[in-house]
Amino acid sequence: MSETKAYQTEVVIAGGGVAGIVAAYELLSHGRRVLLIDKDARERFGGQARESFGGVHMIDTPHQRRLGIKDSPELAWQDWQRVAGYEPCDRWPRAWGQFYCENSREFIFEFLADKKIKFLPLVNWPERGLYAAGNSVPRWHIAWGTGYEIIDRLLHALDAHPHRSSLEVLFDTEVSALEMTSGRATGVCARSTDGRRELRVQAEHVVIASGGICGGDLRRVRAHWYKPWGEPPEHLLNGGHIYADGRLQDRVAELGGAVTHLDLQWHYPAGVRHPAKRRPNDGLSLVPPRSALWLNARGERIMTPGPMLAYSDTRHLVASVLQQPGKYSWQVMNWKIAIKELAVSGCDYMTAFRYKKRLGLAASLLFGNKELVDRLIRDCPDDVVVADTLQELMDGMEQRNLCGLKLDRGRMEATIRAWDEMIDRGPAYHNDPQLRHIANCRAYRGDRVRTCNFQKLLDRKAGPLIAIREFILARKSLGGIQTDLACRVLRSSDGQPIPGLYAIGEAAGFGGGGMHGKGSLEGTFLGGCVLSGRMAGRSIAQ
Ligand SMILES: Cc1cc2nc3c(=O)[nH]c(=O)nc-3n(C[C@H](O)[C@H](O)[C@H](O)COP(=O)(O)OP(=O)(O)OC[C@H]3O[C@@H](n4cnc5c(N)ncnc54)[C@H](O)[C@@H]3O)c2cc1C
């Protein structure tokens, strides 16, 4: 039998990820009374950001200036629009994208720095672009201590807030319905996950911060699959939050709120099965090595029309894999490449970053991250093949091939030998886009430390050989609840705000129901959550 408890507050926030936490902080700073409700357990307070790598996209920061990187909001906005490919009707996504570029230093960098979150001095450069520039300059600032540290520091700041007594937090409690009175949001209904307690919360303002739709249920990801990509793959991995099920987006839509762009999702091309298997199809997203050859299940090099270039354009890489037989891929490398270039997106495997081990980080940059590669080999035997010879490697790949696909061994061997021969001829004769990309990456010192100097695959001294079977991993929802710049939820019928109702973070497509358009420059997810959390706090306070 369940008991019903009534609450009354000024603002109720549904979801305690980074967006909800930042909004709560901002509201406390403006003297508001807040009830924050999260479905998850107390020890997982912070949502996905707690597991994230902690890379944040920021523009014209002191870190960039120290490195001599000339960046500006104008340059960033040009890059952003090119990658977003907005449609003419994308008024609010565009407004949010521009707002991000113009305000990231003040609203994101300075806010996080004020909470004593430190970023590594070397700014990273993902999403460089493929046929057109992506990020014109490096903008991905890695938090020292990863996303775990971001959350730790934010929670510390929340606890130390002079108005901490105005905040109540409930865990293991799911917001199940939104209450409306005369067209205004006036509270929520919630229940404890053990079914013992029902809650009725009356509030002047309701903020949805419950995350996206990728993670809770892959059926939902498939249902909103981006049509130009064809059918979703049979083998799809889950890399989002376990409670990212989109139920509150549904409740908002039922109340007449606009929920847009759900088919725009940010997936990754190099997922492997998660060893801990917290749920079916759980996956880890690998940061793919630049010096590996990217092949399809038949052993052919993927050419769409050029080769797959890591760190160039994630969306293009995903679309390219989806054109391949079986819709998955193999990356072939050797030990030397793996220890220098392989990484895992997230804090769990990146131990030197996560635990702030300066010596460990320096050692892994100098000598390679052997611990990480050993662990992946040990933890992921289904997806990682290790062999002394190419023939053995191909045996292992054949055994693991899915969908009845056969490896063309002759072709694969010829491709690898041709690659090695081109490297042997010397840089002046590197007539391959991937080798030119490697040279380009090595020209930036932030990438040089993590990119081999034209490493041949069959080099005996660099062995053993490694092949990794990689699946598409669903991670982020680019679309969501449509909001204006004050984070007010807009009605689908007339585009006017629903009084009292707000949405932030991934639930709101990081702002505007799809701030990124079709693509991200990376690090804009955490950044978008901080930005929208702060904007919601301010606009409610006003
Ligand atoms: C492994 C990993 C690595 C990543 N690395 C990066 C990175 O380096 N840079 C970057 O920019 N982004 C990264 N991301 C993405 C980024 O972490 C997320 O987009 C961001 O944290 C989303 O925050 P959020 O607060 O909007 O939602 P979430 O973090 O999803 O939090 C939502 C919260 O709402 C709760 N909730 C859900 N439904 C309900 C309900 N009905 N009632 C009550 N509570 C509910 C959930 O329990 C959860 O705590 C990464 C993500 C992952 C998983």
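Residues numbered from 1 in each chain as written. Predicted model: local features only at pLDDT ≥ 70, side-chain atom pairs only at ≥ 80, totals over all residues. Heavy atoms only, no water.

1. Section: the packing of aromatic side chains
For the record, the criterion: For this analysis, a ring pair means two rings from Phe, Tyr or Trp (six-membered ring only for Trp) whose centres lie within 6.5 Å, classed as stacked if their planes differ by under 30 degrees, edge-to-face if by over 60, and tilted for the remaining angles. Working definition: with a 1.4 Å probe on protein chains only, accessible area under 20% of the residue-type maximum means buried, over 50% means exposed, and in between means partly exposed. Both a distance and an angle decide whether a charge sits over a ring: NZ of Lys or CZ of Arg must be within 6 Å of the ring centre and within 35 degrees of the ring normal.
One pass over the full model with this rule turns up 16 aromatic pairs. Taking the centre distance of 6.3 Å and the plane angle of 45 degrees together, the rings of W77 and Y86 count as tilted. Here W77 matches Y86 in class, with each residue buried. Over the ring of F471 we find R273, and its NZ or CZ is 4.9 Å from the ring centre.

2. Regarding the environment of G505
The condition that has to hold: Helix numbers and strand numbers start at the N terminus; a helix is a DSSP run of H or I with at least 4 residues, a strand a run of E with at least 2. Here a residue-residue contact requires only that any non-hydrogen atoms of the pair lie within 4.5 Å.
Inspection of the secondary structure assignment puts G505 in the loop between β20 (497–503) and α17 (524–541). Looking at G505, the relative accessible area reads 1%, which means it is buried. A C-alpha to C-alpha distance of 16 Å links G505 and R94, two positions 411 residues apart in sequence. Excluding residues within four positions of it along the chain, G505 makes contact with A19, F510, G511, C529 and S532.

3. So, the site of the ligand
The criterion, for reference: Being near a molecule or strand, for a residue, means having at least one of its heavy atoms within 4 Å of it. Any pair of N or O atoms that falls within 3.5 Å is considered a polar contact. Within protein, one atom must be able to donate a hydrogen and the other to accept it, and sequence-neighbouring residues count only if both atoms are side-chain atoms. Only the protein chains shown count as cover for residues, with accessible areas throughout obtained via the Shrake-Rupley method and a probe of 1.4 Å. By the convention adopted, Pro, Cys, Tyr, Trp, Phe, Met, Ile, Leu, Val and Ala count as nonpolar, Lys, Arg, Asp and Glu as charged, and the other residues, Gly among them, as polar.
Taken together, the neighbourhood of the ligand is formed by 40 residues, with D38, Q48, G55, E506 and L526 sitting nearest. L526 places a polar main-chain atom, nitrogen or oxygen, 2.8 Å from an oxygen atom of the ligand. A total of 1,000 Å² of accessible area belongs to the ligand in isolation, and the protein chains cover 98% of it. Every element with two or more residues in the shell around the ligand is listed here: α1 (18–29), β6 (173–181), β17 (465–477) and α17. The leading source of residues in the shell around the ligand is α17, at 4 residues. For the shell around the ligand, the per-class residue count stands at 14 nonpolar, 18 polar and 8 charged.

4. Describing the state of the cysteines
Selection rule: Cysteine sulfurs are considered disulfide-paired once they come within 2.5 Å of each other.
Applying the stated criterion across every chain yields a total of 0 disulfides. Cysteine C452 is unpaired, with the sulfur of C441 as its nearest cysteine sulfur at 12 Å.

5. Some words on the packing of helix α13 (residues 390–400) against helix α14 (residues 409–424)
How we decide: Angles shown run from 0 to 180 degrees and are taken between the N-to-C directions of axes, each axis being a line fitted to C-alpha atoms and, for helices, limited to the stretch in contact. An angle below 35 degrees is treated as roughly parallel, one above 145 as roughly antiparallel, one from 65 to 115 as roughly perpendicular, and anything else as oblique. What makes a crossing left-handed is the near helix being turned counterclockwise from the far one by less than a right angle; a clockwise turn instead makes it right-handed.
Contact pair α13 / α14: the axes reach a minimum separation of 11 Å and the direction vectors enclose 130 degrees. The angle between α13 and α14 falls in the class oblique. Note that α13 runs across α14; the crossing there is right-handed. Of the residues in α14, those touching α13 at L390, Q391, L393, M394, D395, M397 and E398 are R409, M412, E413 and I416. Per-class residue counts for the contact of α13 with α14 are 6 nonpolar, 1 polar and 4 charged.

6. A few points about the pattern of salt bridges
Rules: Salt bridges, as used here, are contacts in which a Lys or Arg side-chain nitrogen is within 4 Å of a carboxyl oxygen on Asp or Glu.
A complete count under the given rule lists 38 salt bridges for this structure. When salt bridges with common partners are traced through the structure, they connect K39, E174, R191, D245 and R247 into a single cluster.

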